[in-house]
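Close look at the chain arrangement
Spelled out, the chains give:
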Protein chains: 6
Amino acid sequence: MPYVNIKITKEGVTPEQKAQLIEGATKLLVDVLGKNPQTTVVVIDEVDTDNWGIGGETVTVRRKRGQ
Amino acid sequence: MPYVNIKITKEGVTPEQKAQLIEGATKLLVDVLGKNPQTTVVVIDEVDTDNWGIGGETVTVRRKRGQ
Amino acid sequence: MPYVNIKITKEGVTPEQKAQLIEGATKLLVDVLGKNPQTTVVVIDEVDTDNWGIGGETVTVRRKRGQ
Amino acid sequence: MPYVNIKITKEGVTPEQKAQLIEGATKLLVDVLGKNPQTTVVVIDEVDTDNWGIGGETVTVRRKRGQ
Amino acid sequence: MPYVNIKITKEGVTPEQKAQLIEGATKLLVDVLGKNPQTTVVVIDEVDTDNWGIGGETVTVRRKRGQ
Amino acid sequence: MPYVNIKITKEGVTPEQKAQLIEGATKLLVDVLGKNPQTTVVVIDEVDTDNWGIGGETVTVRRKRGQ
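Residues numbered from 1 in each chain as written. Chains lettered and ligands numbered in written order. Predicted model: local features only at pLDDT ≥ 70, side-chain atom pairs only at ≥ 80, totals over all residues. Heavy atoms only, no water.

1. Here we look at helix α1 (residues 15–33) of chain D
In an α-helix, one turn spans 3.6 residues, which is why side chains three or four residues apart end up on the same side. Spanning 19 residues, α1(D) covers 27 Å between terminal C-alpha atoms, matching the ideal 27 Å at 1.5 Å per step. Those residues of α1(D) lying buried are K18(D), L21(D), I22(D), A25(D), T26(D), L28(D), L29(D), V32(D) and L33(D). The buried residues of α1(D) occupy one face: seen down the axis, they fall within an arc of 150°. Exposed side of α1(D), more than 90 degrees from the buried face: E16(D), E23(D), K27(D) and D31(D) are the residues found there. As for α1(D), its buried residues are in contact with β3 (52–54) and β4 (57–58) of chain A, β1 (3–9) and β2 (41–47) of chain D together with β1 (3–9) and α1 (15–33) of chain F. The positive-phi residue at the C-terminal boundary of α1(D) is G34(D), with phi of around 70°. (Helix = DSSP H or I, 4+ residues; strand = E, 2+ residues; numbered from the N terminus. Expected span 1.5 Å × (residues − 1). Buried < 20%, exposed > 50% of the residue type's maximum accessible area, 1.4 Å probe, protein only. Arc of directions from axis to C-beta. Contact = heavy atoms within 4.5 Å.)

Following this line, the structure appears as structure tokens:
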């Protein structure tokens, strides 16, 4: 029954990587808390680098500086 | 003043259906808790089937199996 | 498979009212989009009136004014 | 370490405005709570006007009426 | 920089289990996407069983039936 | 109509500081995007330090080390 939301920047994540995140997060809830995987929901939000900020600036700006 | 967030997979939901979800969720808060509909906010997030997981796998994979 | 999050102020909502919100939100997703109720998750967050703001002020302050 | 999520309707917000929102929200957390800006995350979600409801109707409908 | 939110029912999760969830979710983002663990944030929300619904009823009701 | 959610660790934030966060976040949306403050909602979530992780460990553990 757990719900996991993973927010990451939209930078070329492949369907295979998304499947790995979903499988891994579900397994984590099963292993640590004994949750039922059949009702464990994982939602991945991919966020444009213009819309994600850290350190007071957008990721777009940071990527241009090579960070 | 309530805030309702509805997350569903992005699979051809029409503007009419979205309007029904918004109307219905607002009415629910009015009916059950007597909330003011004018300040009740409903936000619908449509999530790509690659980005939604249940049972440890993506909805994309489940749909291919006919689930 | 939908996920619904309802955020309301923490002001004496009863378990019966919560059950009605959960039942109503689930029914809405079934009626409008034909979703499976068995995998529809509803989470209610009750937020202290000091922690909820509208119009630039806390609900605590508004309640004191009779709003 | 704070996390700030700003949800707005998708109506032509520019990268410059997004940068201002990120800078302003980060500064707010630094000024009020003394948080470290380097680990303050701000995520902006832009939501289609069909998917945002207030007063029981979509913003799309309200915009057509001039609201 | 990723942000992970894990929502679970409030049913006696220990600090050690929470630490394992945080460590595991962070490791998952590092392993699958090569993210920097130092800026990976994980937030666990524990939700009262009265406030969590699945199948149109609260978890409180389900637990009483032995589910 | 915007919705702002601020998540911070639960470490003695005062009602006055919360009021400042709400006032400041609302003003930011008015100043940058010309939003209507009367329908701008701000919700502050305070999270136990056991439930917040960064760098793969809980804030509780970091605080004990003086971080």
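2. A short note on the interface of chain E and chain A
With 26 residues of chain E at the interface, the matching set in chain A holds 26 residues. Carbon and sulfur atoms make up 74% of the surface buried where chain E meets chain A, a total of about 2,100 Å² over both sides. Inspection of the chain E/chain A interface yields zero salt bridges. One can count seven residue pairs in polar contact (both at pLDDT 80 or more) joining chain E with chain A. (Buried area = accessible area lost by both parts, 1.4 Å probe. Salt bridge = Lys/Arg side-chain N within 4 Å of Asp/Glu carboxyl O. Polar contact = N/O pair within 3.5 Å; in protein donor to acceptor, adjacent residues only side chain to side chain.)

3. Section: the UniProt feature "domain: 4-oxalocrotonate tautomerase-like" (unreviewed entry) in chain A
The feature "domain: 4-oxalocrotonate tautomerase-like" (unreviewed entry), as annotated in UniProt, sits at residues 2–61 of chain A in this numbering. Helix and strand shares over residues 2–61 of chain A are 37% and 32% respectively, and the end C-alpha atoms of the span are 35 Å apart. (UniProt positions renumbered as here; feature names shortened; annotations may be inferred.)

4. With respect to the packing of α1(D) against α1(F)
Direction vectors running N to C along α1(D) and α1(F) enclose 160°, while the axes themselves pass 10 Å from each other. In this view, α1(D) runs roughly antiparallel relative to α1(F), as classed from their interaxial angle. The interaxial crossing formed by α1(D) with α1(F) has right-handed handedness. Only Q17(F), Q20(F), L21(F), G24(F), A25(F), L28(F), L29(F), V32(F) and L33(F) of α1(F) make contact with α1(D), whose side of the interface consists of Q17(D), Q20(D), L21(D), G24(D), A25(D), L28(D), L29(D), V32(D) and L33(D). (Axes fitted to C-alpha atoms, helices over the stretch in contact; angles between N-to-C directions. Parallel < 35°, antiparallel > 145°, perpendicular 65-115°, else oblique. Left-handed = near helix turned anticlockwise from the far one by under 90°.)

5. With respect to the side chain of T9(E)
Of note, T9(E) is situated in strand β1 (residues 3–9). Within the structure, the side chain of T9(E) is placed 3.4 Å from the side chain of K35(A), a separation counted as a polar contact. Among the polar contacts listed, one links the side chain of T9(E) to the side chain of E11(E), at a separation of 2.5 Å. Apart from the residues lying within four places of it in its own chain, the contact partners of T9(E) are M1(A), K35(A), V47(E), T49(E), W52(E), V59(E) and R63(E).

6. Some words on the UniProt feature "active site" (unreviewed entry) in chain A
Mapped onto the present numbering, the UniProt feature "active site" (unreviewed entry) falls on P2(A). We classify P2(A) as buried; its relative accessible area is 2%. Apart from the residues lying within four places of it in its own chain, the contact partners of P2(A) are L29(A), K35(A), T39(A), T40(A), V41(A), K7(E), I8(E) and W52(E).

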